[in-house]
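# Structure at a glance
Here's the letter readout for the chains.
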Amino acid sequence: MEDCLVKKMEITVSEAEKRTGRNAMNMQETYTAYLIETRAVESQGEGQCAPVDSLWRRYSEFELLRNYLTVTYPHVVVPPLPEKRADFVWHKLSADNMDPDFVERRRIGLENFLLRVAAHPVLCLDKMFYSFLTQEGGWKEMVNETGFQLKADSRLKALNATFRVKNPDKRFTELKHYSDELQSVISHLLRVRARVADRLYGVYKVHGNYGRVFSEWSAIEKEMGDGLQSAGHHMDVYAASIDDILEEEEHYADQLKEYLFYAEALRAVCRKHELMQYELEMAAQDLTSKKQQCEELATGTVRTFSLKGMTSKLFGQETPEQREAKIRILEEQIQEGEEQLKSKNLEGRDFVKSAWADIERFKEQKNHDLKEALISYAVMQISMCKK
Amino acid sequence: AAGTPRPLPSSGPKSLREMPHPLATSSMGPALSPSPDLLLPRGIADKDLSLPSGTPVDTSSPASSSSLLNRLQLDDDLDGETRDLFVTVDDPKKHVCTMETYITYRVTTKTTRAEFDLPEYSVRRRYQDFDWLRNKLEESQPTHLIPPLPEKFVVKGVVDRFSEEFVETRRKALDKFLKRITDHPVLSFNEHFNVFLTAKDLNAYKKQGMALLSKMGESVKYVTGGYKLRSRTLEFAAIGEYLDTFSLKLGTIDRIAQRIIKEQLEYLVELREYGPVYSTWGGLEVELSEPLEGVSACIGNCCTALEELSEDMTEDFLPVLREYILYSELMKNVLKKRDQVQAEYEAKLEAVALKKEDRPKVPTDVEKCQDRVECFNADLKADLERWQNNKRQDFRQLLMGMADKNIQYYEKCLTAWESIIPLLQDKPETK
């Protein structure tokens with residue numbers, strides 16, 4: 001993490017603002033813009049701060065950045081964005097994207113995203129990322145010009161690879177399983193948590209009903225009056241306290257969600273690997289068959305049944321010149337193929353190496369983060385009990 | 001005062017300080033003492049000689065002497081040492097007969113009173129018998145407040161009459177019923193009560209009683225109906241109004257409490273699913289495995305604590321509310337009867353005034369009515385005062401108990417969560 005951007009630069013997403021504008025279809029829309037502030041960190045603190053740079057970005061631009069990063073660095077587990085739409089909501093929580101609480105939590109999530117990218121040894125060096133933070137205008141166009149979208153693998157290709165790959169790397173297979181299960185278990189956890197929050201809310205709110213009754217009861221009592229009155233008051237306080245408690249819990253839920261999405265990112269890396277492996281295998285296969293063809297042409301023997309053999313039997317043999325030409329072409333192709341195979345192998349090995357390094361890093365980070373999250377969850381529960 | 005008998009955990013008046021603290025192990029729960037408590041911060045001595053409305057005791061009429069006697073006996077009870085009658089209801093047993101199945105309870109009595117032949121008794125009684133007792137008390141002491149019995153019929157329909165929960169709730173209510181009678185200075189000396197506590201064969205006595213009744217008739221008969229009350233005595237009117245509001249509020253609290261229990265149980269259901277998910281997750285992880293398991297166990301502990309809290313609410317909180325709601329109803333009935341008596345008296349008085357004949361001497365008939373009215377008023381006032389004291393104490397105990405139980409619940413949760421923090425913070429190297 002020595003040269004990471006995060007050490008050199010303070011990054012915050014400090015504000016969120018509602019904006020209206022025209023979208024691609026020239027229709028009026030409302031969206032939220034987020035203010036990104038950056039400031040260079042002084043190596044020697046003299047008490048003087050460097051000037052703050054700032055620019056506004058909206059969620060879709062963050063998405064663009066992330067897509068770019070995932071395509072450009074397929075071996076990296078790219079940090080996830082906060083959710084696009086409010087998911088795992090429970091009764092009181094609004095599903096509206098414009099809801100101030102949701103916007104606030106998203107702001108925090110976006111800041112988190114930027115910090116994580118800035119802290120990543122590979123990602124932080126990316127030029128597009130840097131200009132995302134610093135260059136106000138024309139960034140979108142610049143990113144699109146890199147043509148990264150063309151490099152993006154189609155989902156169909158990836159799915160195909162999943163089923164067809166013959167020698168998958170066992171580690172990656174395990175990792176794939178892990179990320180699937182992690183996704184499943186965290187989703188389940190978040191769903192149940194939402195239900196738990198809902199029910200707990202109900203319990204607290206019903207206690208609020210006590211408040212009024214006790215108050216009314218205290219009115220008709222003489223000696224008991226004061227005691228009942230204060231009991232009623234406490235019930236009201238109790239019932240009101242649940243709102244804050246559950247808001248804090250939402251932060252915990254957000255932390256879990258981050259890792260839920262991280263699991264997805266992990267899965268993406270695995271998928272990429274599968275794809276590469278598959279392409280490798282295909283290339284190897286192709287090479288083998290070409291070599292075989294070459295051999296056949298050269299020696300004139302037909303080892304395996306082939307359409308060529310059939311047609312030659314039916315329509316007569318080729319002329320030696322034709323054959324020579326074919327052999328030469330094939331030899332070229334073989335040469336290419338072998339080179340390709342070599343480079344792919346190399347690529348594959350590199351990929352595996354760097355991916356694995358990143359995965360290890362991710363694991364450590366995850367372990368650390370989740371522990372922290374659990375600790376603060378526990379602390380929060382404790383303070384709730386103390387209240 | 002007779003020698004102090006072996007103190008039973010659930011009978012006799014105890015000062016608030018003597019009573020077992022709700023947090024201490026006590027299978028019977030905090031003892032309910034119907035008698036006024038000397039150690040209550042408010043000067044209970046002030047209450048002795050004035051009625052709830054503050055009017056001074058009327059010492060002129062004969063009826064007041066009985067109320068004075070009542071008060072003297074109250075003074076005795078305040079001491080706590082002069083307790084000479086202890087009654088307990090326990091040990092429910094199911095009896096299966098050809099005709100029916102029913103439950104009997106053991107009623108144990110320990111006493112030094114002269115009215116009892118033996119110092120100890122142990123008999124078995126069923127709900128019918130308690131019902132009979134209550135009716136007898138109402139008949140023979142119509143000027144007093146007879147404590148309510150738990151409901152005869154189960155309203156909810158689906159509840160099992162023989163379930164442990166139902167039987168235990170009923171047993172507690174019956175125990176309370178007898179204790180309230182025991183602590184009453186007049187009712188506890190009632191002969192029917194005596195027989196109830198002592199007779200081996202209650203049914204024989206019941207039949208005998210019926211026969212006697214038809215022969216002798218009740219000593220005090222009160223006419224019900226037919227007389228319109230001119231103006232209700234202010235204090236009784238106030239009490240009537242109070243009871244109306246009181247029972248209304250209690251009813252609302254009962255409903256709210258039930259709703260809370262229901263919500264808590266639904267919360268519990270979700271919580272029970274929540275914990276194991278952490279466990280599942282722990283199975284996936286290596287380093288996080290222990291912490292996640294820890295969280296899972298922690299949530300499990302919270303579940304258990306919540307279950308206990310809900311049980312306590314159902315078993316201890318709701319029955320007291322129910323009892324006082326029933327109390328309010330029966331009290332209103334007694335007030336009505338009193339109104340009748342007063343109306344009769346006033347009507348007769350008016351009739352005499354209209355006659356204008358026997359002016360020098362008021363007819364004995366009217367005198368008797370006057371006596372009845374004053375007697376009724378005095379008895380009722382005394383009982384109402386006692387009831388108010390008991391009510392204050394009972395509710396104080398109830399609400400404090402519930403607060404304590406809730407605190408306990410949160411403390412348990414607190415402990416659970418606090419205990420896993422070190423587990424979560426444990427770095428692998430330090431292990």
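Residues numbered from 1 in each chain as written. Chains lettered and ligands numbered in written order. Predicted model: local features only at pLDDT ≥ 70, side-chain atom pairs only at ≥ 80, totals over all residues. Heavy atoms only, no water.

## A word on the overall build of chain A
- Helix and strand content of chain A: eleven helices and three strands.
- Listing each helix as α and each strand as β along chain A from the N terminus yields α-β-β-β-α-α-α-α-α-α-α-α-α-α.
- A burial count over chain A gives 44% of its 387 residues as buried.
- Accessible surface for chain A amounts to roughly 21,000 Å². Of this, 52% is attributable to carbon and sulfur atoms. (Helix = DSSP H or I, 4+ residues; strand = E, 2+ residues; numbered from the N terminus. Buried < 20%, exposed > 50% of the residue type's maximum accessible area, 1.4 Å probe, protein only. Areas by Shrake-Rupley, 256 points an atom, 1.4 Å probe, with all protein chains shown as cover.)

## Structural notes on the confidence of the model for chain B
Residues and elements named next belong to chain B.
- With 70% of its residues at a pLDDT of 70 or more, chain B shows a mean pLDDT of 73.
- Within chain B, the lowest mean pLDDT, 35, falls on helix H1 (residues 44-48), and the highest, 90, falls on strand E3 (residues 120-126).
- Every residue in residues 1-79 scores below 50 in pLDDT, and together they form 112 contacts with partners more than four places removed in sequence or on other chains.
- Across the predicted assembly, pTM comes out at 0.70 and ipTM at 0.71. (pLDDT = per-residue confidence, 0-100. Contact = heavy atoms within 4.5 Å.)

## Looking at the side chain of B:Thr104
All names here are of chain B.
- Positionally, Thr104 belongs in strand E2 (residues 101-111).
- Assessed through its relative accessible area of 7%, Thr104 is described here as buried.
- Separated by 2.9 Å, the side chains of Thr104 and Arg124 make a polar contact.
- Once residues within four sequence positions are removed from consideration, Thr104 is found in contact with Asp91, Pro92, Lys93, His95, Arg124, Arg125 and Arg126. (Polar contact = N/O pair within 3.5 Å; in protein donor to acceptor, adjacent residues only side chain to side chain.)

## Examining the packing of helix H3 (residues 127-140) of chain B against helix H4 (residues 164-182) of chain B
Residues and elements named next belong to chain B.
- Here H3 crosses H4 at 30 degrees, and the two axes come no closer than 12 Å. Put simply, H3 runs roughly parallel to H4. Where H3 crosses over H4, the two elements pack in a sense that is left-handed. Every residue of H4 that contacts H3 at Tyr127, Phe130, Leu133, Arg134 and Leu137 is listed here: Arg170, Leu174, Phe177, Leu178 and Ile181.
- Among the residues forming the contact of H3 with H4, the class breakdown is eight nonpolar, no polar and two charged. (Axes fitted to C-alpha atoms, helices over the stretch in contact; angles between N-to-C directions. Parallel < 35°, antiparallel > 145°, perpendicular 65-115°, else oblique. Left-handed = near helix turned anticlockwise from the far one by under 90°. Nonpolar A, V, L, I, M, F, W, Y, C, P; charged D, E, K, R; others polar.)

## What about the packing of aromatic side chains?
- Under the definition given, this model contains 19 aromatic pairs over all chains.
- Judged by centre distance (5.4 Å) and plane angle (15 degrees), the ring pair of B:Tyr242 and B:Phe246 falls under stacked. Placement of both B:Tyr242 and B:Phe246 in helix H7 (residues 234-284) is noted, with a separation of four residues, approximately one turn of the helix. One exposure class covers both B:Tyr242 and B:Phe246, and it is buried.
- Taken together through their ring pairs, the aromatic side chains of A:Tyr210, A:Phe214, A:Trp217, B:Tyr242, B:Phe246, B:Tyr324, B:Tyr327, B:Trp387 and B:Phe395 make up a single cluster.
- Sitting above the plane of the B:Tyr127 ring, B:Arg170 keeps its charged end 4.1 Å from the centroid. (Phe/Tyr/Trp six-rings, centres within 6.5 Å; stacked < 30°, edge-to-face > 60°. Lys NZ or Arg CZ within 6 Å of the ring centre and 35° of its normal.)

## Considering the environment of B:Glu241
- Checked against the element boundaries, B:Glu241 lands in helix H7.
- Put simply, B:Glu241 and B:Lys332 are 91 residues apart on the chain and 9.5 Å apart in space, counted from C-alpha to C-alpha.

## A closer look at the nonpolar core
- Ranked by internal contacts, the top residues of the largest apolar core, which has 53 residues, are A:Ile186, B:Tyr267, B:Tyr274, B:Tyr278, B:Trp281 and B:Tyr409.
- Elements supplying a minimum of two residues to this core: helix H8 (170-220) and helix H9 (225-299) of chain A together with H7, helix H8 (289-355) and helix H9 (364-425) of chain B.
- No other element matches the 15 residues that H8(A) contributes to this core.
- Once residues lying within four places of it in the same chain are set aside, the contact partners of B:Tyr267 are A:Val196, A:Arg199, A:Leu200, A:Val203, B:Leu306 and B:Tyr409.
- Of all hydrophobic cores here, the second largest spans 43 residues; its members include A:Phe214, B:Met331, B:Leu335 and B:Cys369. (Core = buried A, V, L, I, M, F, W, Y, C linked by side-chain atoms within 4.5 Å.)

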